[in-house]
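Descriptive analysis of the structure
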Number of protein chains: 2
Amino acid sequence: MPSYKAPTDELDFVLFELFDAESLWSSMAPFAGVNRELARAVLEAAAKLAEQEFFPLNQTGDAEGPRWDDGHVHTPPGFRQAYEAFTRGGWLGIAGEQEYGGQGMPKMLTVAWEEMFYAANTGLFLYTTLTAGACILLAAHASEDIKRMCLPRLYEGRWSATMDLTESQAGSDLGIITTKAEPRGDGSFAVTGSKMFITSGEHDLTENILHLVLAKLPDAPPGSRGISLFLVPKFLINDDGTLGERNGVVSGSIEQKMGIRGSATSVMNYDGATGYLIGEENRGLAPMFTMMNYERLSIGIQGLGIAEVAYQNARDYARKRLQGRAPGERPERAQSPADPIIVHPDVRRMLLTQKAYNEACRAFAAYVGSQLDLARHGDEAGRATAADRVALLTPVAKAFLSDRGFENCVLAQQVLGGHGYVREWGLEQYVRDARIAQIYEGTNGIQSMDLIERKVLRDGGRSLDAFCNEMRSDLDGVKGTMKDAAIAAIDLLTSVTATLSKKSKKDPALPGASAVDYMDLFGHVILGWLWVRIVEVEKRRGEGGASPSDEKQRTAEFYFAKLLPKIDSLARSIGAGSDSVMQLPADRF
Amino acid sequence: MPSYKAPTDELDFVLFELFDAESLWSSMAPFAGVNRELARAVLEAAAKLAEQEFFPLNQTGDAEGPRWDDGHVHTPPGFRQAYEAFTRGGWLGIAGEQEYGGQGMPKMLTVAWEEMFYAANTGLFLYTTLTAGACILLAAHASEDIKRMCLPRLYEGRWSATMDLTESQAGSDLGIITTKAEPRGDGSFAVTGSKMFITSGEHDLTENILHLVLAKLPDAPPGSRGISLFLVPKFLINDDGTLGERNGVVSGSIEQKMGIRGSATSVMNYDGATGYLIGEENRGLAPMFTMMNYERLSIGIQGLGIAEVAYQNARDYARKRLQGRAPGERPERAQSPADPIIVHPDVRRMLLTQKAYNEACRAFAAYVGSQLDLARHGDEAGRATAADRVALLTPVAKAFLSDRGFENCVLAQQVLGGHGYVREWGLEQYVRDARIAQIYEGTNGIQSMDLIERKVLRDGGRSLDAFCNEMRSDLDGVKGTMKDAAIAAIDLLTSVTATLSKKSKKDPALPGASAVDYMDLFGHVILGWLWVRIVEVEKRRGEGGASPSDEKQRTAEFYFAKLLPKIDSLARSIGAGSDSVMQLPADRF
């Protein structure tokens with residue numbers, strides 16, 4: 001049986017020592033009251049709930065899964081109680097608008113505690129995450145009536161929400177959806193069509209489910225400029241907030257999936273269901289992206305959270321499992337039958353890879369979280385810069401963290417050898433659960449194209465340059481080989497970008513052909529910057545006598561010796577251009 | 001539902017055009033009668049059986065799995081009939097000793113057709129592969145009596161065999177097994193202990209099961225120099241070959257695994273079971289490695305086979321799935337709602353990665369197969385060289401092919417987006433099934449250490465140099481940038497090896513710390529050599545007017561542009577040494 005201990009101290013380190021969240025929050029009016037002590041209490045409460053209520057249901061939720069019965073979905077045993085414990089704790093409203101019953105806490109803090117619930121039980125936590133995203137969307141784009149009606153109930157967790165984009169013929173390409181919305185003349189619309197891969201589309205945890213559905217009006221222009229967004233509740237809502245009749249939306253089936261098997265993924269069939277327009281007609285993608293950007297960071301954190309619990313179990317196994325002898329002579333160990341496998345260089349390589357990625361990815365996620373807060377509550381200049389940063393870094397955070405999440409789970413599984421492949425030890429579930437994060441909320445290929453095409457090339461690299469300059473100036477005054485390597489990596493990113501920008505004008509296939517390599521390069525560069533920063537903070541702690549360890553220094557050395565070198569090959573691959581990708585005719589594959 | 005078409009033409013190309021197997025076989029007496037026509041008939045028969053009998057049971061075998069019932073194991077529905085079709089076809093004896101009823105065909109041909117069965121249904125095919133390995137072991141190490149008794153029945157598939165090494169406390173480290181064998185004074189031994197992770201340890205497909213069990217004699221020296229090998233049949237065998245009483249060995253349970261769920265993996269409990277010594281006392285590892293080396297190449301081919309079927313399904317999906325628009329202007333497509341995703345550079349990147357690895361890995365496996373034949377049936381000088389080559393390349397073939405196998409399945413799954421994550425489309429099963437190949441028969445970390453420590457450094461790099469020189473001289477006379485890149489890659493391997501060899505004398509942790517990077521580098525270098533060779537063969541075909549395609553040329557260009565560059569980072573990581581791997585204390589992970 002696996003175990004999980006939420007990394008509260010690590011998160012505390014990242015928030016308050018690495019990024020000085022206390023000063024940051026005190027600079028933003030709504031967060032003035034959130035100090036380290038309060039945040040620490042939040043993290044500890046989350047840790048307790050995640051470890052004690054969520055984690056024990058992770059393997060059982062996977063094994064038993066939800067059950068579909070004529071349109072009804074029964075969640076696995078225990079999920080209801082754990083969901084209720086979560087909502088009782090107020091977690092759905094913790095970052096919500098205070099005006100509507102939320103607690104108005106920083107997103108940067110949410111980013112921290114979300115990791116714990118993903119680690120403890122992704123299948124269960126997914127019943128809450130889309131509600132959180134929907135709250136952000138509704139707060140930004142819904143009418144006052146809808147906000148007053150829905151937000152308090154969503155924050156309480158009495159209602160939940162979904163995101164209905166995909167149709168069988170339309171996934172990455174939303175321009176070709178066929179779900180229709182006909183105006184009824186009374187301000188409402190009749191929504192008809194079928195959506196698939198709808199996370200928490202139907203379940204028994206809440207009184208009502210609000211579906212946020214993309215559909216086309218009768219006179220909509222073709223493509224993505226003709227998509228509108230509708231709120232379609234499972235039960236119609238009376239003016240007093242009580243529930244009326246069942247609306248014309250029903251779960252057609254649930255998917256048999258590789259992982260996140262505790263989560264119910266529905267086909268949702270709409271048959272003239274009553275819906276309410278959110279935002280403007282034909283402009284539905286923009287509000288949906290408010291939600292998507294939040295969800296994308298969250299999905300990166302899913303990868304990180306699962307990678308962390310996988311790492312913990314691999315590490316514990318490596319400390320206990322006796323097998324073989326350490327390299328070199330160790331006469332003092334002749335009494336034991338074998339050494340713990342954590343002495344073996346290749347096992348250490350696997351563990352250090354996980355540790356070096358996870359810790360820096362955690363810092364990266366917190367940084368993006370801080371930019372989400374600044375984009376909303378910073379001063380005027382700061383808001384614009386932070387919004388740029390969020391736009392630039394969200395696709396990297398989603399794709400890079402979920403790629404590392406999956407790979408780290410595979411490495412953790414490998415540490416356990418055969419035991420990693422059997423269900424009992426839990427590692428194989430982490431591999432299955434982490435895999436989806438690379439696929440949903442926009443595949444990592446889509447994220448990478450968004451990054452290079454929309455976020456980097458479209459503005460001539462200005463956002464990127466600003467961020468690179470921030471990283472460079474952040475390392476000003478630091479000395480040493482790691483700092484030099486981090487700066488060289490930033491320079492490499494800049495020069496690769498300049499070349500891509502120039503060549504792409506004549507070669508429209510180049511951005512797509514380079515996209516995933518570029519995202520991977522970008523992520524590694526960011527982690528180089530963060531590792532130097534982390535080591536500096538550890539040094540400062542050491543000078544104060546608080547921490548005699550050089551754990552971060554050692555881990556950073558591993559990152560620079562063994563992981564950052566990947567950027568050489570990535571740069572070479574990007575430099576090789578698009579010809580070799582584009583020339584083979586489709587019928588010769 | 002996935003589909004599968006065995007790559008018969010590709011295999012024919014590799015055997016007869018790339019490696020001129022016809023001349024090779026005609027140089028070895030036992031294979032003089034095996035020409036291209038016969039081999040082609042063998043491949044076509046295998047293709048038919050794999051496609052028609054094995055493949056339709058792949059998803060059902062995974063879903064239903066074997067059932068354990070008080071020591072009995074019932075294989076999934078249909079497996080028995082498919083197994084019987086396989087044995088009726090004589091496939092178990094096809095490469096077997098003619099003296100004992102085998103057909104004496106080349107291993108190089110076996111390597112080719114094995115791919116098809118792994119692709120079609122790994123869970124089912126595993127019920128046969130250990131029998132094939134056991135036949136090789138028994139032919140080389142068993143007494144004449146045992147050979148006469150067992151080999152014909154194993155070749156017929158009436159009996160099957162297993163390999164019983166692992167115990168709960170002893171996996172990678174066989175020196176610490178505790179299973180005991182007490183001599184009974186009548187030439188037999190009483191074997192007592194418990195083995196785990198035993199593939200096909202118990203099932204209902206054969207009349208008898210022969211377990212090849214590692215155990216310790218009462219006076220055995222400690223560690224791996226005190227291990228003996230025993231044949232322990234499920235049913236005792238009378239002198240006339242009929243079956244006697246049930247022996248004292250029983251399946252204690254079967255594992256719930258991530259994948260290969262059609263295959264039954266047992267805990268096997270031995271309670272004074274009657275066993276017969278194979279080979280010499282305390283020297284049981286050597287014969288076991290005869291079997292292991294064969295199995296290791298086979299497991300590499302498992303990775304390749306599953307990656308091939310995954311690729312085919314991803315490619316077919318990418319041709320049909322309409323989503324988004326190709327980069328650049330394509331006015332002629334304005335009529336269709338969207339383009340097939342195979343036009344998108346990132347989708348092409350994913351497919352070409354799979355194609356470039358699979359095709360060259362197929363050539364690599366065939367090359368190792370040819371060396372297995374030459375090591376046995378070549379002339380005297382040729383035998384020694386080929387045996388060296390087999391020893392050197394087996395760990396690379398196992399680890400590199402299974403690593404690429406898994407990664408390619410993950411890429412194929414990614415091409416399908418959300419459809420790749422649900423069971424119906426089959427891709428998620430391929431990911432789960434391919435994963436085990438990186439773990440069993442010695443993890444890929446163990447393979448990599450075997451490669452660098454035993455196969456490269458122990459003889460001062462002589463085997464490696466000989467192989468590198470063979471690759472170099474094979475490319476003599478070829479011109480062009482790909483040839484130059486392939487030679488530069490070989491040179492890099494040579495220089496990395498020289499540095500490692502020198503530094504390892506003072507740094508015992510260095511080989512282990514570099515092992516997996518080194519194996520990965522080695523594999524990429526071999527594929528570089530093979531891609532140049534493949535392109536040359538395609539060119540020669542083109543000159544004859546037989547093939548106007550430059551499919552191989554295009555795929556090779558992709559390999560050199562996008563995949564071979566990985567060796568730069570691997571060399572840099574290896575060059576960074578072992579310090580960063582070894583310094584973090586175990587309690588700070």
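Residues numbered from 1 in each chain as written. Chains lettered and ligands numbered in written order. Predicted model: local features only at pLDDT ≥ 70, side-chain atom pairs only at ≥ 80, totals over all residues.

Regarding the overall build of chain A
Using the following cut-off: Secondary structure elements are taken from DSSP: a helix is a run of H or I of four residues or more, a strand is a run of E of two residues or more, and numbering for both begins at the N terminus. Using C-beta atoms placed from the backbone, we call a residue buried if 20 or more other C-beta atoms fall within 10 Å of its own, exposed if 12 or fewer do, and partly exposed for counts in between.
Of regular secondary structure, chain A possesses 18 helices and 11 strands. Projecting the C-alpha coordinates of chain A onto the three principal axes gives extents of approximately 85 × 60 × 55 Å. The burial tally for chain A puts 61% of its 589 residues in the buried class.

Overview of unusual backbone geometry
Residue and element names in this part refer to chain A. Its identity as a non-glycine residue notwithstanding, Asp 20 has a phi of 45 degrees, on the positive side. Looking at the element boundaries, Asp 20 is found in the loop between α1 (8–18) and α2 (21–26). By C-beta crowding, Asp 20 is classed as partly exposed, having 14 other C-beta atoms within 10 Å. At Glu 441, a residue that is not glycine, the phi angle is positive and equals roughly 55 degrees. Within the secondary structure, Glu 441 is located in the loop between α11 (427–435) and α12 (444–457).

Concerning the interface of chain A and chain B
To keep things clear, this is the line we draw: By definition, residues are in contact whenever their C-beta atoms, placed on the basis of the backbone, come within 7 Å of each other. The residue classification treats Ala, Val, Leu, Ile, Met, Phe, Trp, Tyr, Cys and Pro as nonpolar and Asp, Glu, Lys and Arg as charged. All others, Gly included, are polar.
Contact with chain A, which involves 73 residues of that partner, is made by 73 residues of chain B. Contributing elements (two or more residues each) for the side of chain A that touches chain B: α8 (285–320), α9 (345–377), α11, α12, α15 (510–543), α16 (551–563), α17 (566–575) and α18 (579–582) of chain A. In terms of residue class, the side of chain A that touches chain B is built from 30 nonpolar, 23 polar and 20 charged.

Regarding the environment of B:Gly123
All names here are of chain B. Inspection of the secondary structure puts Gly 123 in helix α6 (residues 107–141). For Gly 123, a count of 25 C-beta atoms within 10 Å gives the class buried. Counting along the chain gives 66 residues from Gly 123 to Leu 57, while the straight-line C-alpha distance between them is 9.4 Å. Ignoring anything within four residues of it in the chain, the contact list for Gly 123 reads Gly 61, Asp 62, Ile 260, Arg 261, Gly 262 and Ser 263.

What to know about the pairing of strand β7 (residues 228–233) of chain A
Residue and element names in this part refer to chain A. The line we're drawing: One bridge is not enough; two strands pair if DSSP finds at least two bridges between them.
Among the 6 residues in β7, 6 count as buried, and that is most of the element. Burial along β7 is two-sided: Ser 228, Phe 230 and Val 232 and Leu 229, Leu 231 and Pro 233, pointing in opposite directions, are all buried. Bridging between strand β6 (residues 208–215) and β7 involves 6 bridges; their strand directions are antiparallel. Bridge pairing in β7 places Leu 214 opposite Leu 229. Bridge count for β7 against strand β11 (residues 265–278) is 3 bridges, and the pairing is antiparallel. Bridge pairing in β11 links Leu 231 to Tyr 276.

Structural notes on the relation of the copies chain A and chain B
Selection rule: Superposition of the copies was done by least squares, using only C-alpha atoms of residues whose pLDDT is at least 70 in both.
Expressed as a screw transformation, the operator carrying chain A onto chain B has a rotation angle of 180 degrees and an axial translation of 0.0 Å, and the superposed copies differ by an RMSD of 0.0 Å. Classification of the inter-copy transformation places it as that of a two-fold axis. When each C-alpha of chain A is compared by its distance to the rotation axis, A:Ser569 comes out closest, at 2.8 Å. Interface overlap between copies: 100% of the residues of chain A at the interface are likewise at the interface in chain B, consistent with a symmetric, same-surface contact.

Structural notes on the confidence of the model for chain A
A low pLDDT means the predicted coordinates there should not be read in detail. What counts, and what does not: Per-residue confidence from the predictor is reported as pLDDT, a score between 0 and 100.
Overall, the predicted model of chain A reaches an average pLDDT of 96, with 98% of residues at or above 70. Our summary of model confidence lists the complex with pTM equal to 0.98 and ipTM equal to 0.97.

Focus: the pairing of strand β3 (residues 159–164) of chain B
All names here are of chain B. Of all the 6 residues making up β3, 6 are buried; the element is thus mostly covered by neighbouring parts of the structure. Burial along β3 is two-sided: Trp 159, Ala 161 and Met 163 facing one way and Ser 160, Thr 162 and Asp 164 facing the other are all buried. As paired strands, β3 and strand β6 (residues 208–215) are joined by 6 bridges and run parallel to one another. Bridged to Ala 161 within β6 is Leu 210.

Comments concerning helix α7 (residues 144–156) of chain A
Count 3.6 residues to each turn of an α-helix, and residues three or four apart come out pointing the same way. All names here are of chain A. Just so we agree on the cut-off: Each helix should span, by expectation, one fewer than its residue count multiplied by 1.5 Å.
The terminal C-alpha atoms of α7 lie 18 Å apart, and with 13 residues this matches the ideal 18 Å at 1.5 Å per residue to within 8%. When we look at burial in α7, the residues that qualify are Met 149, Cys 150, Leu 151, Arg 153, Leu 154 and Tyr 155. Residues of α7 that are buried in the fold lie against α6 (107–141), β3 (159–164), β6 and β8 (235–237). Downstream of α7 by a residue or two, Gly 157 has a phi angle that is positive, lying close to 80 degrees.

Focus on helix α3 (residues 36–54) of chain A
Residues and elements named next belong to chain A. Counted at 1.5 Å a residue, the expected span for α3 with its 19 residues is 27 Å, and the 25 Å between its end C-alpha atoms agrees. Looking at α3, one finds that the buried residues are Ala 39, Val 42, Leu 43, Ala 46, Ala 47, Leu 49, Ala 50, Glu 53 and Phe 54. Where the residues of α3 are buried, they touch α1, α5 (79–88) and α6.

Side note on the packing of α6(A) against α8(A)
The cut-off we apply is this: For helices, the fitted line uses only the C-alpha atoms of the stretch in contact; every axis is such a line through C-alpha atoms, and the angle between N-to-C directions lies from 0 to 180 degrees. Oblique is the label for any angle not under 35 degrees, not over 145, and not in the 65 to 115 range, which are roughly parallel, roughly antiparallel and roughly perpendicular in turn.
With their axes 9 Å apart at the nearest point, α6(A) and α8(A) run at an angle of 170 degrees to one another. By the angle class used here, α6(A) and α8(A) are roughly antiparallel.

Concerning the domain arrangement of chain A
For clarity, the cut-off: Each domain's extent was defined by an automatic or database domain assignment.
Domain boundaries assigned for chain A yield domain 1 (8–153), domain 2 (160–282) and domain 3 (455–581). Each of domain 1 of chain A and domain 3 of chain A has a C-alpha centre, and these two points are 31 Å apart.

Side note on the environment of A:Lys398
All names here are of chain A. With respect to the helices and strands, Lys 398 occurs in helix α10 (residues 380–415). Overall, Lys 398 belongs to the buried group, with 35 C-beta atoms counted inside 10 Å. Separated by 45 residues in sequence, Lys 398 and Thr 443 place their C-alpha atoms 9.2 Å apart. Not counting the four nearest positions on each side in its chain, Lys 398 is found in contact with Arg 296, Leu 297, Ile 299, Gly 300, Glu 441 and Gln 447.

Quick look at the environment of B:Arg462
All names here are of chain B. Inspection of the secondary structure puts Arg 462 in helix α13 (residues 462–474). Taking the number of C-beta atoms within 10 Å as the measure of exposure, Arg 462 has 11 and is therefore exposed. Sequence separation between Arg 462 and Tyr 127 is 335 residues; the distance between their C-alpha atoms is 38 Å.

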